[in-house]
Amino acid sequence: EDKKKWVVIELFEAKIVQKMYEWYSSGCFSLLEIKTKLKKEFNLDFSKGYVDFILKNPFYAGSIRYNGQEYPHNYDCVISRELFDEVQRIKSGYMKKHSKFAGLPYLYRGIISCATCGCMITPEKKKGKYVYYHCTEYYGKHKADYIREEELTGQFARLYKSLQIPPDVIDQITSTIRESHQDKTQFHRTMLQSYQSDYKKYESRIEKMYEDKLDDRITDSFYDKKREEYRLKQQELRGKISRLGIADEEYYLTSEYLLQLANRAYDLFLSSEAEEKRQLLKLTLQNLKLNGKKVDFELVKPFDQVFACTSRQSWLPD
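All of these numbers come straight from a predicted model, not from anything done at the bench. Counting from 1, residues in each chain are numbered in the order their sequence is written. Selection of residues for local features in this predicted model requires a pLDDT of at least 70, selection of side-chain atom pairs for listing and counting requires 80 or more, and totals for whole chains, interfaces and linings are taken over all residues. Excluded from the side-chain calculation are hydrogens and water; included are all heavy atoms of the structure.

A pair of strands counts as paired when DSSP detects no fewer than two bridges linking them. In this description a helix means any DSSP run of H or I spanning at least four residues, a strand means any run of E spanning at least two, and both kinds are numbered starting from the N terminus. Judged by pairing direction, the sheet is mixed, and its 3 strands sit side by side in the order β3-β7-β8 without closing on themselves. Strands with a single pairing partner mark the edges of an open sheet, and in this sheet they are β3 (113-114) and β8 (294-299). Contacts are assigned to residue pairs with any non-hydrogen atoms lying within 4.5 Å of each other. To define axes, lines are fitted to C-alpha atoms, for helices over the stretch in contact only, and angles between the resulting N-to-C directions are given on a 0 to 180 degree scale. Sitting on the sheet, helix α5 (residues 149-161) touches β7 (285-291) and β8, and the angle it makes with β8 is about 35 degrees. Contacting β7 and β8, helix α8 (residues 274-284) crosses the sheet at an angle of about 105 degrees to β7.

Quick look at the structure:
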């Protein structure tokens with residue numbers, strides 16, 4: 001209406017971009033698998049190169065790339081900066097992996113490494129029926145063991161079986177979480193008001209500087225320098241507001257969800273399809289290493305604490 005050019009978000013297309021970033025940030029999907037999911041769920045025939053282009057474009061997160069540098073823009077963001085940065089971190093990590101069968105749809109492909117040499121554990125089908133996993137031995141032979149996929153599944157199932165929590169304990173913990181959440185709400189509202197006030201302050205400064213520039217009270221170079229500085233501060237504030245909103249609105253729901261997930265992990269793991277199994281593993285476990293025929297791992301927080309408590313004789317409220 002004011003005859004100025006602007007970038008307007010198309011909600012459906014933006015939702016697709018969000019989904020692509022969420023899928024990739026889980027660590028469960030390759031570029032090829034995202035391409036396949038886009039075709040299946042949205043009937044979009046993107047090339048793998050175009051998927052990669054979208055997942056590297058900072059414009060969705062509030063920045064525009066120009067001459068090799070990134071500058072903040074003032075348009076609405078499609079994703080958070082944290083999500084964008086997480087995707088870049090995962091992408092840079094995948095580039096360092098050596099996996100001969102990276103494109104094949106095996107259950108544990110690309111998520112377990114060798115405890116001896118650090119190479120990826122790769123799948124191999126034998127007799128046209130059974131799938132075995134073994135070290136690629138990319139850095140040299142060391143008599144790596146072979147283990148059946150069913151044996152790996154059994155080890156993970158036994159772990160999730162041990163995560164089960166008594167129902168009365170879940171009720172007690174969620175009640176405590178709900179009470180503590182009420183105490184945090186007012187603090188979050190105060191912080192939100194402060195961030196919003198600071199954001200408007202920088203916007204006002206930019207508008208006043210523009211008038212000073214038109215009246216030749218400041219130079220163009222000074223205006224450009226300060227404008228970029230204030231836009232960066234506004235971008236930081238947008239990130240803080242986004243994180244604060246998530247913490248305030250979803251703190252209780254997420255905590256309860258994680259507890260319920262821990263309690264149902266065994267049944268979910270056994271009944272899920274391969275894709276869901278991989279997501280569950282990524283959500284709960286990290287640093288998976290095959291040591292002989294035994295999988296070593298670290299539990300992701302807060303599942304490490306749940307696992308520690310399940311081994312005790314009694315549960316404590318804290």
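After presenting the structure, the write-up continues.
Here Glu 137, not a glycine, exhibits a phi torsion of approximately 55 degrees, which is positive. For Glu 137, the location among the structural elements is in the loop between β5 (130-135) and β6 (147-148). The buried label applies to any residue whose accessible area, calculated with a 1.4 Å probe on protein chains only, is under 20% of its type's maximum; exposed applies above 50%, and partly exposed to all values in between. Given the relative accessible area of 16%, Glu 137 is considered buried. A positive phi angle, near 55 degrees, is found at Lys 143, a position not held by glycine. In this structure, Lys 143 sits in the loop between β5 and β6. Take Lys 143: its relative accessible area is 80%, and that puts it in the exposed class.

With that settled, consider the pairing of strand β2 (residues 69-72). Summarising the sheet, strand β1 (residues 63-66) and β2 pair through 4 bridges and their orientation is antiparallel. Along β2, the bridge assignment pairs Ile 64 with Tyr 71. Here β1 hands over to β2 after 2 residues, with Asn 67 in that stretch at a positive phi of 55 degrees.

Along α8, the positions that sit buried rather than exposed are Lys 277, Arg 278, Leu 280, Leu 281 and Thr 284. In a view along the axis of α8, the buried residues occupy a sector of 160 degrees, so they form one face of it. As used here, the arc is the angular range of directions from the helix axis to the C-beta atoms.

It is worth spelling out the environment of Ser 92 at this point. Mapped onto the elements, Ser 92 comes out in helix α4 (residues 81-94). Residue classification places Ser 92 among the partly exposed positions, given a relative accessible area of 36%. A 3.5 Å cut-off defines polar contacts: any pair of N or O atoms within that distance qualifies, except that in protein one atom must be a possible hydrogen donor and the other a possible acceptor, and neighbouring residues in sequence count only when both atoms are side-chain atoms. Side-chain polar atoms of Ser 92 contact the backbone oxygen of Arg 89, separated by 2.8 Å.

Moving on to the confidence of the model for the protein. Put simply, the protein has an average pLDDT of 82, and 83% of its residues get 70 or more. Looking over the protein, one finds the lowest element-wise mean pLDDT in helix α9 (residues 303-310), namely 73, and the highest in helix α3 (residues 48-55), namely 94. Residue-level confidence of the predictor, termed pLDDT, takes values from 0 up to 100. Scored below 50 in pLDDT, residues 95-104 shows 13 contacts in the model against residues more than four places distant or in partner chains.

Where helix α2 (residues 31-42) meets α3, the closest approach of the two axes is 9 Å, and the angle between their N-to-C directions is 100 degrees. Comparing their axes, α3 and α2 come out roughly perpendicular. Across the interface between the two elements, Leu 31, Leu 32, Ile 34, Lys 35 and Leu 38 of α2 pack against Lys 48, Val 51, Asp 52 and Leu 55 of α3. When the residues that make up the contact of α2 with α3 are grouped by side-chain class, the tally is 6 nonpolar, no polar and 3 charged. If an angle is under 35 degrees, it is roughly parallel; if it is over 145, roughly antiparallel; if it lies from 65 to 115, roughly perpendicular; otherwise it is oblique. Side-chain classes are defined by residue name, with Ala, Val, Leu, Ile, Met, Phe, Trp, Tyr, Cys and Pro counting as nonpolar, Asp, Glu, Lys and Arg as charged, and the others, Gly among them, as polar.

Right, let's get into the state of the cysteines. Cysteine sulfur atoms are paired as a disulfide whenever they come within 2.5 Å of each other. With the rule as written, the count across this model stands at 0 disulfides. Its sulfur unpaired, Cys 117 is 3.4 Å from the next cysteine sulfur, which belongs to Cys 135.

Tracing the backbone through its elements, the reader meets Tyr 199 in helix α6 (residues 167-214). Sequence separation between Tyr 199 and Tyr 230 is 31 residues; the distance between their C-alpha atoms is 9.1 Å. Each residue touching Tyr 199, except ones within four places of it in the same chain, is listed here: Asn 74, Gln 234, Leu 237 and Arg 238.

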